[in-house]
Amino acid sequence: MDFADLSRLWLLLALPLLYWLARPPRPQQRVVTPHMAQWRAAVARTQRRPVRFRRLRFWLLVLAVIALVAASAGPKLAGRPGPRRLVVLLDESTSMRAGTAWREARDALAEAVDAVPEYIDVRVVRCGASVDVVDASDLAVDADLLGGSGSVPPELAQEIAVDGEVAMLTITDGLGPYLRPDVGAIRFVGRPLANRAIVACDVVDGWPGAGIEVRARVRATRAGVPEEYVVELDGVEVSRGRAIDEITFVGERLREGGELAVRLVGEADGFPHDDAVRFTLPASPAPDVAILGDATERPALLAAAETLAHVGGGRVVGPDATKAGFAVTEGGRLESLPPRAILFGTRLGDGGESAASRVAPTLLDWDRASPLLAGIDLSELRIARALPVERMPAGRTLLRGESGPLAVAVERPEGAVTVCFGFRLADSNLALLPALPQVLARAYRAAWGSRARPSGASTNLLSPSESELVASEPRKDRPLPDFGSPDTPLAVPLVLLAMLALALRILA
Amino acid sequence: MSVLFGPEFQALLAAAVRRVRSLRGRKDSELPSRRQIGAPRGAFAGHRRYSSGDDVRHVDWNAYARTGELFAKVFEEDERRALTLLLDCTPSMLASDRYDGARRMAALVGALALARLDGLRVVCGKDAVYTLNGAEGVGTLLKILDDVEPAVVDADDLARVPIDRGWLGSTCWISDFAEPDAHSMGLRMLRGAGRNCTGVLPAVPADRSPDVGGWIELRDPETGEIELVRVDTELRAAIESELELLERRQDALFAAVGYPLLRLPIPAAGDFRLTSWFPGRWISRI
């Protein structure tokens, strides 16, 4: 028998006091009398109880006190040893959507919950794209909502299985290259299936041009056997063919956007979810390009801007056009940073005249990792005069000079970027470099951010391992261990025993 | 001699023999002349079985020759002039000074019987039976009474002794009669056998009111039972009522069989005055 609070048993030390209190008083006189019967009759007549130390009453009182003290200490009979909690690791990887695996998994979970005794605490750990702990009764997941990837983390299973109080049941399809827990019970659901899949897809959008290029990597049902595919643009098949490893499609996008889909066709396989990938192509923005400041005096800049507007579907507008989708400035001053623009030596806000311009700043390096400058050679760039450092807005440094940033990219909402050069074209030789058109085109594209980029492919793509519905190891179930029984609390029986002892004491 | 029957009591005893002249209110001149119990005088009253203690001179040898059993001849006049003393020696007598007082009273009655009558028979128990006669028997009587130890004796057995032995004289039963019902059968047997009997109850103050207070441990000397009581005014009144009821039961018991019951207060220790031991001429009622 165990006690929850063993310190309460110290109260039993009061039993000697109880004995002392239960003792009858010490008689003042001892009398030998032949009239015992008369004395007893007199005591009875006065309705008194003869005073004596009644052993039975005392021991009943002792029994009651011991029972109550023991009850207050939280006694319990240890139950059968064994786990008293069950943790179900439910594999919610995408491969569980294949075939009947998920339905079998839910049936297996319900079967496990029904099989364990009621006093067993059951928790379900959903091992999908994230690991969540839920109650078994709260589990209501449709197969279509399963995570895009994931598996049962073996280290998690090890940590759970360390404690002998917890039994672990892993419900998984056992498919794919993931490691399986080698501890605890395991229940395999579903079965290996033949499956083809698009496991990777990349779309190169040529906007503001009309070109688009799609490259999709295919995992065929059987190695070396080409799979048939179609490419659909806004529901219209634009390409069909067969590919073994990779699908390549080069075409023109629609100016109004639409959905681009790459589908493997043919007989249905075990997991149709990974047979297609879809992109949403946004409508081309076709913004107008505004030339501000002294930009009109720069023929190269003007020509580049006109070309840019033409390709993008817009036109070059004057400095008064307030609704232009993209602005190109040369010098001058602006009240605030435009949302979509490329600035060359334009001052922002009020004041700042007191700060001296940087004369012949030295270009140390440029950000080669930035999409704006990747692959562009600016080593010949020479700058005669640049804005002071404190006039440069905060942002990612594109050109790093000796005295501070000479060009920055300012992040704007929806992933848009505004590029600010700290010098005018007139104060540098940038207009003479072949990089200028590239810089303008990339700034124009970056200014529209995600609004001009294809979206949706990442949500459909599955990892190659998820699409591989074959078992890397033999699938053999391991049964659950025998559960332990709960401790039996003895407080209530002990209280009842105490009450019984007290009742008997009254009758004794 | 022991403290119980010390010189002062011996003096009291001698004074009683000298000055107390009668038993049952009769003068010596009214009584038949004294003789030894062994002297066969008076009318032949019949036979009874010989029992231990009988005088062998009373054995009817002719009857023995005829039957092969011993019979003693009984002479009526002899028996009537003898006194049988039944002394209750049960442990209940040990309460207060009752036992010593009872033995002193028995000594006084016995000495007078030996001085005035033809004989004395002392019955302290079923097998503690003594026959004494003559003034010289006083010493033996005192020794017997001094040596007798308390023992549990059934009252019926005590009363059956004189009946079984055919003793015809008066009987004096000294006891506390603490349990009247236990003595009822014995008294009825004596009455049925035509014996005269007088009950003598050596009374102590505790028979009427306990002179105690507070927490008292009571012990029954016969059973050894112990009770703890707190004596206060209420309980004192109750026990006095119960003791009064006991007295009435004792009186009713003797009234039912027609025998007198004499409640004789035991004089205080050291009081050996004749008037203290013979108040109200009670000896004349035996």
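Residues numbered from 1 in each chain as written. Chains lettered and ligands numbered in written order. Predicted model: local features only at pLDDT ≥ 70, side-chain atom pairs only at ≥ 80, totals over all residues.

Draft legend 1. Focus on the overall build of chain A. Along its length, chain A carries 10 helices and 28 strands. Sorting the 508 residues of chain A into buried and exposed places 36% on the buried side. Across chain A, the fraction of contacts at a sequence separation of at least 24, relative to all contacts at a separation of at least 6, is 72%. (Helix = DSSP H or I, 4+ residues; strand = E, 2+ residues; numbered from the N terminus. Buried ≥ 20, exposed ≤ 12 C-beta atoms within 10 Å, placed from the backbone. Contact = placed C-beta atoms within 7 Å.)

Draft legend 2. The arrangement of the nonpolar core in detail. Within the largest apolar cluster, 54 residues are counted, with the highest numbers of intra-cluster contacts made by Leu 85, Leu 87 and Leu 141 of chain B. Take this core: its biggest share by element is 12 residues, from helix α4 (residues 98–116) of chain B. Core analysis: the next-biggest nonpolar cluster, separate from the first, contains 46 residues, Ala 295, Ala 309, Leu 425 and Tyr 444 of chain A among them. (Core = buried A, V, L, I, M, F, W, Y, C linked by C-beta atoms within 7 Å.)

Draft legend 3. Quick peek at the environment of Ala 501 of chain A. Residue and element names in this part refer to chain A. Its place among the elements puts Ala 501 in helix α10 (residues 491–507). When the C-alpha positions of Ala 501 and Trp 59 are compared, they lie 9.0 Å apart, and in sequence the two are 442 residues distant. Non-local contacts of Ala 501, meaning those with residues more than four positions away in its chain, are made with Leu 60, Leu 63, Ala 64 and Ala 67.

Draft legend 4. Layout of the interface of chain B and chain A. Residue-level contacts link 27 residues of chain B with 23 residues of chain A. For the side of chain B that touches chain A, the secondary-structure elements that each account for two or more residues are β8 (214–219), β9 (226–231) and α8 (233–257) of chain B. At seven residues, the largest contribution of residues to the side of chain B that touches chain A is made by α8 of chain B. Of the pairings in the sheet, the one linking strand β2 (residues 29–32) of chain A to β8 of chain B comprises four bridges and is parallel in character. If you follow Val 31 of chain A over to β8 of chain B, its bridge partner there is Leu 218 of chain B. (Pairing = 2+ DSSP bridges.)

Draft legend 5. Representation of the sheet that holds strand β14 (residues 258–264) of chain A. Residues and elements named next belong to chain A. Across the sheet, four strands lie side by side as β12-β11-β14-β15; this open sheet has antiparallel pairing. One side of each edge strand has no neighbouring strand; the edge strands of this open sheet are β12 (236–243) and β15 (276–281). Averaged over neighbouring strand pairs, the angle between their axes works out to 15 degrees when direction is ignored. As paired elements, strand β11 (residues 227–233) and β12 share seven bridges and run antiparallel to each other. The partner of Glu 232 across the bridge, within β12, is Glu 237. (Axes fitted to C-alpha atoms, helices over the stretch in contact; angles between N-to-C directions.)

Draft legend 6. View of the pairing of strand β20 (residues 341–344) of chain A. All names here are of chain A. Going residue by residue along β20, you find Ala 341 and Leu 343 tucked away on one face and Ile 342 and Phe 344 tucked away on the opposite face as well. The pairing of strand β18 (residues 326–330) with β20 spans four bridges and is parallel. In the sheet register, Val 328 faces β20, and the bridge partner there is Ile 342. For β20 and strand β27 (residues 417–421), the ladder comprises three bridges, and the chain directions are parallel. Along β27, the bridge assignment pairs Phe 344 with Phe 421.

Draft legend 7. Quick look at the environment of Glu 240 of chain B. Residue and element names in this part refer to chain B. Within the secondary structure, Glu 240 is located in helix α8. As for Glu 240 and Arg 208, which are separated by 32 residues in sequence, their C-alpha atoms are 6.0 Å apart. For Glu 240, the contacting residues outside a window of four places in its chain are Arg 208 and Ser 209.

Draft legend 8. Layout of unusual backbone geometry. In the Ramachandran plot, Gln 47 of chain A falls in the positive-phi region, its phi being about 55 degrees despite a non-glycine side chain. Locating Gln 47 of chain A in the fold gives a position in the loop between α2 (36–45) and α3 (55–72). For Gln 47 of chain A, a count of 7 C-beta atoms within 10 Å translates into the label exposed. We note that Phe 177 of chain B has phi near 45 degrees; this positive angle belongs to a residue other than glycine. If you trace the backbone, Phe 177 of chain B turns up in the loop between β6 (170–174) and α7 (180–192).

Draft legend 9. Looking closely at the sheet that holds strand β3 (residues 82–87) of chain B. Residue and element names in this part refer to chain B. Pairing in this open sheet of six strands is mixed, and the strands run β5-β4-β3-β6-β7-β10 from one edge to the other. The open sheet terminates on both sides in strands that have one partner only, identified here as β5 (129–132) and β10 (261–265). Ignoring strand direction, the axes of neighbouring strands in this sheet form an average angle of 20 degrees. The pairing of strand β7 (residues 197–203) with β10 spans five bridges and is parallel. Residue pairing for β10: Val 200 is matched across the bridge by Leu 262.

Draft legend 10. Region of the structure containing helix α5 (residues 137–147) of chain B. Residue and element names in this part refer to chain B. Gly 137, Val 138, Leu 141, Leu 142, Ile 144 and Leu 145 are the residues of α5 that are buried. Along α5, the residues classed as buried sweep out an arc of 160 degrees about the axis, all on the same side. In this structure, the buried residues of α5 make contact with α4, β4 (119–123) and β5. (Arc of directions from axis to C-beta.)

Draft legend 11. Seen up close, the packing of α4 of chain B against α5 of chain B. Residue and element names in this part refer to chain B. Relative orientation of the contacting elements α4 and α5 amounts to 160 degrees, with a least axis distance of 10 Å. In terms of orientation, α4 lies roughly antiparallel with respect to α5. Helix-helix and strand crossings are classified by hand; for α4 and α5 the assignment is right-handed. On α5, the residues touching Arg 103, Ala 106, Ala 107, Gly 110, Ala 111 and Leu 114 of α4 are Gly 137, Val 138, Leu 141, Leu 142 and Leu 145. Each residue belonging to the contact of α4 with α5 can be placed in one class, and the counts come to eight nonpolar, two polar and one charged. (Parallel < 35°, antiparallel > 145°, perpendicular 65-115°, else oblique. Left-handed = near helix turned anticlockwise from the far one by under 90°. Nonpolar A, V, L, I, M, F, W, Y, C, P; charged D, E, K, R; others polar.)

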